[in-house]
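Observations on the three-dimensional arrangement
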Amino acid sequence: MNKKLHRKGFRFQSYKAPDQSPFDKLLEIFNELITHTSGDLDEALDWLRELDKEYNLTNEDYTIDDFIEELKEKGYIREEIKPDGSGGMAITAKTERAIRKQALDKIFGKLKKSGSGNHRTAHSGRGDEHTGDYREYRYGDAIERISMTESLRNAQINNGADEFRLTEDDLVIEDTHFKAQMSTVLMIDISHSMILYGEDRITPAKKVAMALAELITTRYPKDTLDILVFGNDAWPIKIKDLPYLQVGPYHTNTVAGLQLGMDMLRRKRNTNKQIFMITDGKPSCIRMPDGTYYKNSVGLDKFVVDKCYNMAAQARKLHIPITTFMIAQDPYLMQFVQEFTRANQGKAFYTGLRGLGEMIFEDYETNRKKRVRGA
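Position of Glu-150 relative to the elements: it lies in helix H5 (residues 148-159). A distance of 2.6 Å separates a polar atom in the side chain of Glu-150 from a polar atom in the side chain of Arg-153. If we ignore the near neighbours within four places in the chain, the residues touching Glu-150 are Tyr-134 and Val-172.

Its place among the elements puts Gln-102 in helix H4 (residues 93-108). Overall, Gln-102 belongs to the buried group, its relative accessible area being 14%. Ignoring sequence-local partners within four residues, the contact set of Gln-102 consists of Leu-27, Glu-28, Asn-31 and Glu-32.

All right, on to the pattern of salt bridges then. Inspection of the entire model under this criterion finds 19 salt bridges. Here Glu-50 makes a salt bridge to Lys-53, at a shortest N to O gap of 3.7 Å. Here Glu-50 and its partner Lys-53 are both found in helix H2 (residues 41-55), three residues apart, which amounts to about one turn of the helix. We classify Lys-53 as exposed; its relative accessible area is 62%.

Take the packing of helix H1 (residues 22-36) against helix H6 (residues 202-219) next. Each pair of packed helices can be summarised by the angle the axes make with each other and by the distance between the axes. Axis separation between H1 and H6 bottoms out at 9 Å; the angle between their running directions is 115 degrees. Every residue of H6 that contacts H1 at Glu-32, Thr-35 and His-36 is listed here: Thr-203, Lys-206, Lys-207 and Met-210. Looking at the contact of H1 with H6 residue by residue, the classes come out as one nonpolar, three polar and three charged.

What counts, and at which threshold
Residues numbered from 1 in each chain as written. Predicted model: local features only at pLDDT ≥ 70, side-chain atom pairs only at ≥ 80, totals over all residues. Heavy atoms only, no water. Helix = DSSP H or I, 4+ residues; strand = E, 2+ residues; numbered from the N terminus. Polar contact = N/O pair within 3.5 Å; in protein donor to acceptor, adjacent residues only side chain to side chain. Contact = heavy atoms within 4.5 Å. Buried < 20%, exposed > 50% of the residue type's maximum accessible area, 1.4 Å probe, protein only. Salt bridge = Lys/Arg side-chain N within 4 Å of Asp/Glu carboxyl O. Axes fitted to C-alpha atoms, helices over the stretch in contact; angles between N-to-C directions. Nonpolar A, V, L, I, M, F, W, Y, C, P; charged D, E, K, R; others polar.

So this is what it looks like as structure tokens:
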């Protein structure tokens with residue numbers, strides 16, 4: 001009698017890329033171009049046509065014009081009237097969401113969604129997330145935390161199987177972690193140096209911000225994320241404005257950014273608060289009480305630098321750690337960041353553009369432990 005052999009183990013075969021429709025392939029490229037052009041649809045489509053000529057992205061069965069029509073049909077772009085009265089097209093909120101999701105997938109990988117999306121702490125008790133441990137029942141424990149399997153097993157051991165009885169002493173509780181909410185402010189430097197020397201630093205910063213926004217809204221919906229930009233001054237921007245963010249002819253007023261970030265966090269009820277700052281340059285600007293600007297781009301100005309150190313110390317008193325992601329590695333700038341970090345007791349990463357997103361993600365994840373004041 002012949003029996004089929006069932007073999008267990010791994011089966012290896014050549015990688016096959018997932019099938020993508022012509023629209024999906026072009027949409028991925030289109031989203032990248034929209035980010036690089038700061039939301040300028042006409043410029044993005046011009047670049048797409050040039051790429052098509054060079055790399056034959058389309059064929060006679062599906063052209064760039066077909067792609068544009070499908071973008072309209074699926075709600076990614078819309079017709080609009082421009083300020084000068086002429087007709088034109090613009091991207092929609094659906095495209096903005098698609099760009100954020102693509103940034104999250106590319107920078108942080110395809111993350112699995114979790115349930116309630118809060119941040120676990122080291123404190124056990126009546127919480128939300130099972131620790132893997134069990135303990136005896138205590139008065140006041142929630143009924144839904146009782147482990148029936150463990151409790152029934154306890155009853156059999158304590159009282160025997162012949163005459164089954166379940167008493168309060170038999171009850172076992174699944175121990176859980178408290179989950180803490182986190183409030184984060186992301187500061188993005190938009191001074192002119194972010195596009196100097198032929199290096200585009202603002203686009204990676206935008207991608208990181210969009211990915212972080214998508215991460216928090218989908219995986220940690222109870223957390224908050226506020227985004228601000230700083231040049232000569234600082235001002236908040238909405239998540240939907242990120243694709244359109246551009247660098248200006250600004251100096252770097254780090255103090256203004258920190259002041260605004262701390263004001264934002266003061267209004268949050270969460271105990272856990274933090275600031276992420278992405279910058280590539282030295283602080284070079286301060287707004288004076290009379291409204292004028294003190295600027296000095298030569299070296300590190302002691303007046304400006306001391307103001308930064310004072311802000312770092314203030315944030316420390318408010319239990320707001322600052323993590324600086326420095327997109328530059330000049331020794332004197334690194335020394336400034338070291339002193340700044342020491343004054344705040346925060347953290348600093350000295351990085352190029354590659355790996356910036358992964359570092360911010362990892363730091364966000366490791367900051368999930370609740371900080372208890374007075375502990």
